[in-house]
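Fold and contact review
Residues per chain are reported as follows:
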Amino acid sequence: MADTHVLFVEDDDVIREATQLALERDGFVVTAMPDGLAGLEAFRANRPDIALLDVMVPGLDGVSLCRRIRDESTVPVIMLSARADSIDVVLGLEAGADDYVTKPFDGAVLVARIRAVLRRFGHASGPDDRAGAGAGDSADLAEAVLRFGDLEVDTEGMEVRKGGENVALTPTEMRLLLEFSTAPNTVLSRDRLLERVWDYGWGGDTRVVDVHVQRLRGKIGQDRIETVRGFGYKLRG
């Protein structure tokens, strides 16, 4: 992680300086900015590996900043929110964030969440590195183009097409679709998806799953992923 560059946008001076020091002690390179407009300029100038954005920052709020970043890049984004039940959490996820952390947070927890996101993005081939080290056990799967109606999922080339047209997915959305597409017509619980897609070895907020499923539906078709009330979701084969 020594070369991992984190963009951190936080308007509270104490939190910004303390968190920057904590991240730097763990080997991250940190660019810390006090407001959203400065954060956007720093993002464009430095192209960080991950962005850590507080929801409530002046100039350009964190949700709007996340949306601007997502318009230009698939770089992973983690939102910071002061309230676990805040609508801002959902708004941030809908804007394209990959995860969120509630303030106040423990530095070790924040580092663990950052590393979990980076692992996902470093292995965008999918859950369990299906196209990588584990491909020897499932070579046919890794080389296959999976088809579901007009939807094609290339598990080797990491490309998705709908009606012959390419569909642009973020790495998190791609991992989510891979998890569904390698188990079509199988109900996957939110907890399983949190573990397999978000790399959570602990309990997580299922809103993260729900919002990403909604985003994925918007790109591949609203009816392609079915909600099984009380259990989870499944991809219609």
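Residues numbered from 1 in each chain as written. Predicted model: local features only at pLDDT ≥ 70, side-chain atom pairs only at ≥ 80, totals over all residues. Heavy atoms only, no water.

**Here we look at the overall build of the protein**
- Within the protein one finds nine helices and 11 strands.
- Within the span of the protein, comprising 237 residues, buried residues form 49% of the whole. (Helix = DSSP H or I, 4+ residues; strand = E, 2+ residues; numbered from the N terminus. Buried < 20%, exposed > 50% of the residue type's maximum accessible area, 1.4 Å probe, protein only.)

**Some thoughts on the environment of Leu188**
- Here Leu188 is to be found in the loop between α7 (171–181) and α8 (190–197).
- Those residues in contact with Leu188, other than ones at most four positions away along the chain, are Glu179, Phe180, Ala183, Leu193, Phe231, Gly232 and Tyr233. (Contact = heavy atoms within 4.5 Å.)

**Let's talk about the pairing of strand β10 (residues 225–228)**
- Note: β10 against strand β11 (residues 232–235), four bridges, orientation antiparallel. Looking at the pairing, Glu226 lines up with Lys234 of β11. (Pairing = 2+ DSSP bridges.)

**Considering the sheet that holds strand β9 (residues 165–166)**
- Taken in spatial order, the four strands of this open sheet run β6-β7-β8-β9, and their pairing is antiparallel. The strands lining the two open edges of the sheet, one partner per strand, are β6 (145–148) and β9.
- Running over the sheet, α7 touches β6, β7 (151–154) and β8 (159–162) and is turned about 105 degrees from β7. (Axes fitted to C-alpha atoms, helices over the stretch in contact; angles between N-to-C directions.)

**A closer look at helix α5 (residues 107–122)**
- Counted at 1.5 Å a residue, the expected span for α5 with its 16 residues is 22 Å, and the 22 Å between its end C-alpha atoms agrees.
- Every buried residue belonging to α5 is among Leu110, Val111, Arg113, Ile114, Ala116, Val117, Leu118, Arg120 and Phe121, and all of these are buried.
- Here the buried face of α5 lies against α1 (13–25), β3 (50–54), β4 (77–81), β5 (99–102), α7 and α8.
- For α5, the side-chain oxygen to backbone nitrogen distance between the N-cap and Ala108 is 2.8 Å, and the N-cap itself is Asp106. (Expected span 1.5 Å × (residues − 1). Polar contact = N/O pair within 3.5 Å; in protein donor to acceptor, adjacent residues only side chain to side chain.)

**Quick look at the sheet that holds β3**
- Overall, parallel pairing links the five strands, which are arranged β2-β1-β3-β4-β5 in an open sheet. Pairing within the sheet leaves two strands with one partner each, and these edge strands are β2 (29–33) and β5. Strand-to-strand twist across the sheet, computed as the mean angle between neighbouring axes with direction ignored, equals 20 degrees.
- Two strands pair when backbone bridges link them, and strand β1 (residues 5–9) and β2 are joined in this way by five bridges, in the parallel orientation. Within the sheet, the bridge partner assigned to Leu7 lies in β2 and is Thr31.
- Against the sheet, helix α2 (residues 36–46) makes contact with β1 and β2, and its axis sits at roughly 165 degrees relative to β1, the strand it touches most.

**Considering the environment of Val153**
- Relative to the helices and strands, Val153 resides in strand β7.
- Judged by relative accessible area, Val153 falls into the buried class, the value being 0%.
- Sequence separation of Val153 and Met174 is 21 residues, and the distance between their C-alpha atoms is 9.4 Å.
- Non-local contacts of Val153, meaning those with residues more than four positions away in its chain, are made with Ala144, Val145, Leu146, Phe148, Glu159, Met174, Leu177, Leu178 and Ser181.

**So, helix α3 (residues 62–72)**
- Those residues of α3 that sit buried are Gly62, Val63, Leu65, Cys66, Ile69 and Arg70. All buried residues of α3 project into a common sector of 160 degrees when viewed along the axis, lining one side.
- The inward-facing, buried residues of α3 abut β1, α2, β3, β4 and α4 (87–94).
- With a side-chain oxygen positioned 3.0 Å from the backbone nitrogen of Val63, the residue opening α3 is Asp61. (Arc of directions from axis to C-beta.)

**Notes on unusual backbone geometry**
- The peptide bond linking Lys103 to Pro104 adopts the cis configuration, its omega dihedral lying at -5 degrees.
- Turning to its location among the elements, Pro104 is positioned in the loop between β5 and α5.
- At Arg47, a position not held by glycine, the phi torsion is positive, near 45 degrees.
- Within the fold, Arg47 resides in the loop between α2 and β3.
- Taking relative accessible area as the criterion, Arg47 reaches 44% and is therefore assigned partly exposed.
- Of note in the backbone geometry, Met158 takes a positive phi value of approximately 55 degrees without being a glycine.
- According to the relative accessible area criterion, Met158 is partly exposed, its value standing at 24%.

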